[in-house]
Amino acid sequence: MKPPRKFYEPLAIGAPQPRRELPVALERMIHFFPPHNDKLRARLPEMIGNVDVLLGNLEDAIPIDAKEAARKGFIDAARANEFGETGLWVRVNCLNSPWFLDDVTEIVAAAGDKLDVVMLPKVEGPWDIHFFDQLLAQLEAKHKVGKPILIHAILETALGVANVDAIAGASPRMHGMSLGPADLAASRGMKTTRVGGGHPFYGVLEDAKGEGVPRTLFQQDPWHYTVAKMVDACQSYGLKAFYGPFGDFSDDAACEAQFRNAFLLGCAGAWSLHPRQIEIAKRVFSPDAAEVKFAVKILDAMPDGSGAVMIDGKMQDDATWKQAKVIVDLARRVAARDPAMKEAYGF
Ligand code: GLV
Ligand code: MG
């Protein structure tokens, strides 16, 4: 067994010290861009201020004959832009692909100091993280990268879900996880062709009300179990959980509902695959102004966070104080980034 202190020793001589805490960052949407697309790359400077995280996608959805151009395009974009408060992430190809090694070695060599997080697809167990952790340490040492590059795992195989706790605890380099509903559906043998969202056949039929009386099928969320399991694993290990992609760009309401379920269950953000999903994620993953004002009332009424008070007919105690603090802390991070939300919250 690895002794606790060993987790905080660099895995290569000259690599930066692993972090004990995650950097505090607002990550309501992880906005995907295809780095081989010159037109989109040219628009990145205006995009940077409008999103919390920009991610160059090298994996699925990038054609095989564009894999190298995407990697090169990402490096060019990383070097050509200043990202300020906006996170710069990359989704590399998966560990057993012919592109993974060059993705990681070339990107860390050319832009390691600009890169915050590497998203690793199809993580199946802690062994995947251990390998990647060591490799990143070697590359950080070789290229004198000053701060540790974090790992974000995509939870998108049945085996990965079975091992989710071990993945979360595999390294201090872990940033968090995203649910990947498309690959996960395939890996589990689910019978759907959608990328996230519900399914009209997955539901609960109300009780029979008598001969010939129609009965309603109430749709259920097929992702509920996995999102909740991922949130528990992530929060237990001090990581952040994210809902991943929502593929139907023609149904903003369904996208919003899926994002909102994730937000309420504890997720910090979701992926935006289309510019229209940026605003949806901003709206959903910024706490509601009325909720924030009520949470502020709770904190003000219980300055030391203990005891019991009644506010608007509702009982508050130490536990609701903690709930309120989650909401107000997030609202303060949103307000620091967004003057309109600052005003809406009354900060
Ligand atoms: C995302 O990568 C997914 O498979 O849903
Ligand atoms: Mg996937």
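In this text, all values refer to a predicted model and were calculated from it rather than measured experimentally.

### Observations concerning the domain arrangement of the protein chain
Here's step 1: For the protein chain, the assigned domains read domain 1 (4-285) and domain 2 (291-345).
Here's step 2: The distance between the C-alpha centroids of domain 1 and domain 2 comes to 29 Å.
Here's step 3: Counting residues at the interface gives twelve residues for domain 1, matched by four residues for domain 2.
Here's step 4: Between domain 1 and domain 2 lies a buried interface of about 610 Å² when both sides are counted; carbon and sulfur atoms form 58% of it.
Here's step 5: Put simply, domain 1 and domain 2 have zero salt bridges between them.
Here's step 6: Counting every contact that joins domain 1 to domain 2 gives three residue pairs in polar contact (both at pLDDT 80 or more).
Here's step 7: Among the residues making up the side of domain 1 that touches domain 2, the classes are represented as seven nonpolar, two polar and three charged.

### A short note on the coordination of the magnesium ion (ligand 2)
Here's step 1: Protein coordination at the magnesium ion (ligand 2): the donors are Glu156 (OE) and Asp183 (OD), at 2.1 Å from the metal. On the criterion of sequence distance, the pair formed by Glu156 in the loop between β5 (150-155) and α6 (158-162) and Asp183 in helix α8 (residues 181-188) is long-range, its members being 27 residues apart.
Here's step 2: Judged by its relative accessible area of 25%, Asp183 is partly exposed.

### Some remarks on the site of ligand 1
Here's step 1: If you check the shell around ligand 1, you find Arg91, Glu156, Gly180, Pro181, Ala182, Asp183, Pro245 and Trp271 and nothing else.
Here's step 2: Glu156 places a side-chain nitrogen or oxygen 2.9 Å from an oxygen atom of ligand 1.
Here's step 3: Pro181 places a polar main-chain atom, nitrogen or oxygen, 3.1 Å from an oxygen atom of ligand 1.
Here's step 4: Burial of ligand 1 by the protein chains amounts to 92% of its free accessible area of 190 Å².
Here's step 5: In this structure the site holding ligand 1 corresponds to the second largest pocket.
Here's step 6: Top contributing element to the shell around ligand 1 by residue count: α8, with three residues.
Here's step 7: Along the lines of polarity and charge, the residues of the shell around ligand 1 split into four nonpolar, one polar and three charged.

### Some words on the packing of aromatic side chains
Here's step 1: Tallied over the full model, the rule gives eight aromatic pairs.
Here's step 2: Centre to centre, the rings of Phe259 and Phe285 are 5.9 Å apart; their planes meet at 45 degrees, and the pair counts as tilted. With Phe259 in helix α10 (residues 252-265) and Phe285 in helix α11 (residues 275-285), this pair connects stretches of sequence that are 26 residues apart.
Here's step 3: Taken together, Tyr243, Phe259, Phe263 and Phe285 form an aromatic cluster joined through their ring pairs.
Here's step 4: In this arrangement the basic side chain of Arg332 is found over the ring face of Phe347, its NZ or CZ atom lying 4.2 Å from the centre.

### Re the nonpolar core
Here's step 1: Residues Phe74, Val104, Met177 and Phe259 are the most contacted members of the largest nonpolar core, which totals 68 residues.
Here's step 2: With residues up to four places along the chain from it excluded, the contact list for Val104 reads Val92, Phe132, Leu135, Leu136 and Leu139.

### With respect to unusual backbone geometry
Here's step 1: For Lys122, which is not glycine, the phi dihedral falls at a positive 55 degrees.
Here's step 2: For Lys122, the position within the fold is in the loop between β4 (117-120) and α5 (126-142).
Here's step 3: Positive phi values are uncommon outside glycine, yet Asp312 reaches one of about 50 degrees.
Here's step 4: Relative to the helices and strands, Asp312 is located in the loop between β11 (308-311) and β12 (314-317).

What counts, and at which threshold
Residues numbered from 1 in each chain as written. Chains lettered and ligands numbered in written order. Predicted model: local features only at pLDDT ≥ 70, side-chain atom pairs only at ≥ 80, totals over all residues. Heavy atoms only, no water. Domains from an automatic or database assignment. Contact = heavy atoms within 4.5 Å. Buried area = accessible area lost by both parts, 1.4 Å probe. Salt bridge = Lys/Arg side-chain N within 4 Å of Asp/Glu carboxyl O. Polar contact = N/O pair within 3.5 Å; in protein donor to acceptor, adjacent residues only side chain to side chain. Nonpolar A, V, L, I, M, F, W, Y, C, P; charged D, E, K, R; others polar. Donors = N, O, S within 2.8 Å, 3.2 Å for Na, K, Ca; no water. Helix = DSSP H or I, 4+ residues; strand = E, 2+ residues; numbered from the N terminus. Buried < 20%, exposed > 50% of the residue type's maximum accessible area, 1.4 Å probe, protein only. Near = heavy atom within 4 Å. Areas by Shrake-Rupley, 256 points an atom, 1.4 Å probe, with all protein chains shown as cover. 1 Å grid on protein atoms, 1.4 Å probe; cavity = no way out; pocket = protein on both sides within 12 Å on 5 of 7 lines; lining within 4 Å. Sits in = over half its atoms within 2 Å of the grid points. Phe/Tyr/Trp six-rings, centres within 6.5 Å; stacked < 30°, edge-to-face > 60°. Lys NZ or Arg CZ within 6 Å of the ring centre and 35° of its normal. Core = buried A, V, L, I, M, F, W, Y, C linked by side-chain atoms within 4.5 Å.

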